[in-house]
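This is what each chain is made of:
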Amino acid sequence: RTQLREGLVELLGCTPEGKAYESLVVLEGKPSDLYYALQRLGLKPGLVANMEGSGKRPRGDLLDIWVEWKDKDGGWTRARAENLVVDLETGKPVQRRGWVFVGSEFVVAEDPVTKQKLDYFLANGTGSMVTASAGYNTSTILDSALRLEYGQTVANTPALPPAGTLARFRFAPVPPEEAEPIYKL
């Protein structure tokens, strides 16, 4: 369901347990389900650009994202995800660069009670699925391919449906011949 309609946007999508107060859409399901679904499509996770201010971009397979929501007539309205977020530096929707399948991280954690070592998928704990800005978030599955800093993106209120509207994401891999020029911009 749609969540945020105005203000700072950190995430395009997260689970109810995630940062819903900074997310355009709250998604049902486990982040690991999205991770494995993208892999089943033949996509390979890459790396988060893990140093804020480094000027580096995340690396991995590139996807386009559309957000669809139920309109008042029961049909679906569709918008490119970029059109739903405004870059504060330009005052315009963010440029089309797509989202990078960075894949979150698998970590080994120790159960504090049993002391047993457990494999843990970080995104399942944070609820982060898709970032709106390059937040250098090692727990996200899809990261913005833009070099936008945290705090640089806000909701594009006129383009968004009312909060609580049923919504879904559509993902499409960007063909390699289109992805490389996007990375070079």
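The structure under discussion appears in the preceding block.
Notes on the structure follow. (Residues numbered from 1 in each chain as written. Predicted model: local features only at pLDDT ≥ 70, side-chain atom pairs only at ≥ 80, totals over all residues. Heavy atoms only, no water.)

1. Some words on the overall build of the protein chain
Assigned secondary structure in the protein chain consists of three helices and 13 strands. Taking 2.2 N^0.38 as the reference for a compact globule, 185 residues should give roughly 16 Å; the C-alpha atoms of the protein chain span a radius of gyration of 16 Å, in line with that estimate. Along the first, second and third principal axes, the C-alpha set of the protein chain runs to 50 × 35 × 30 Å. Looking at the 185 residues of the protein chain, the share that counts as buried comes to 46%. Long-range contacts, defined here as pairs at least 24 residues apart, represent 63% of the contacts in the protein chain between residues at least 6 apart. Of the side chains in the protein chain, 22 bear a positive and 24 a negative charge, and the two mean positions are spaced by 4 Å. (Helix = DSSP H or I, 4+ residues; strand = E, 2+ residues; numbered from the N terminus. Rg over C-alpha atoms; globule rule 2.2 N^0.38 Å. Buried < 20%, exposed > 50% of the residue type's maximum accessible area, 1.4 Å probe, protein only. Contact = heavy atoms within 4.5 Å. Lys, Arg positive; Asp, Glu negative; His and termini not counted. Charge placed at Lys NZ, Arg CZ, Asp CG, Glu CD.)

2. Description of the layout of surface pockets
In this model, the largest pocket occupies a volume close to 200 Å³. Along the walls of the largest pocket sit Arg1, Val26, Leu27, Glu28, Gly29, Lys30, Asp33, Leu34, Met129, Ala167, Phe169 and Phe171, which together make up its complete lining. If you list the elements that add at least two residues to the lining of the largest pocket, you get helix 1 (31-40) and strand 13 (167-173). It is strand 13 that provides the largest number of residues to the lining of the largest pocket, a total of three residues. Considering only residue class, the lining of the largest pocket consists of seven nonpolar, one polar and four charged. By volume, the second largest pocket amounts to about 160 Å³. For the second largest pocket, the full set of lining residues is Asp87, Glu89, Thr90, Lys92, Pro93, Val94, Gln95, Leu146, Arg147, Leu148 and Gln152. Of the residues that constitute the lining of the second largest pocket, the class distribution is four nonpolar, three polar and four charged. (1 Å grid on protein atoms, 1.4 Å probe; cavity = no way out; pocket = protein on both sides within 12 Å on 5 of 7 lines; lining within 4 Å. Points joined across faces, edges and corners; volume = space filled by probe spheres on them. Nonpolar A, V, L, I, M, F, W, Y, C, P; charged D, E, K, R; others polar.)

3. Points about the pattern of salt bridges
As enumerated under the stated definition, the model contains eight salt bridges in all. A salt bridge links Arg78 to Glu68; the shortest N-O distance between them is 3.5 Å. With Arg78 in strand 4 (residues 76-80) and Glu68 in strand 3 (residues 62-70), the pair connects residues that are 10 residues apart, well separated along the chain. Judged by relative accessible area, which is 48%, Arg78 ranks as partly exposed. On the basis of relative accessibility, which here comes to 7%, the residue Glu68 falls in the buried class. One salt bridge in this structure joins Arg170 and Glu68, with 3.0 Å as the shortest N-O distance. With Arg170 in strand 13 and Glu68 in strand 3, the pair connects residues that are 102 residues apart, well separated along the chain. Assessed through its relative accessible area of 38%, Arg170 is described here as partly exposed. (Salt bridge = Lys/Arg side-chain N within 4 Å of Asp/Glu carboxyl O.)

4. Observations concerning empty space enclosed by the protein
By the definition in use, this model includes one cavity of 30 Å³ or more. Of the voids in this model, the largest cavity is the one considered here, and its volume is about 30 Å³. In this structure, the largest cavity is lined by Glu82, Val94, Gln95, Arg97, Gly98, Trp99, Ser144, Ala145 and Leu146. Here the residues of the lining of the largest cavity are counted per class, giving four nonpolar, three polar and two charged.

The values are spatial; any link to function lies outside them.
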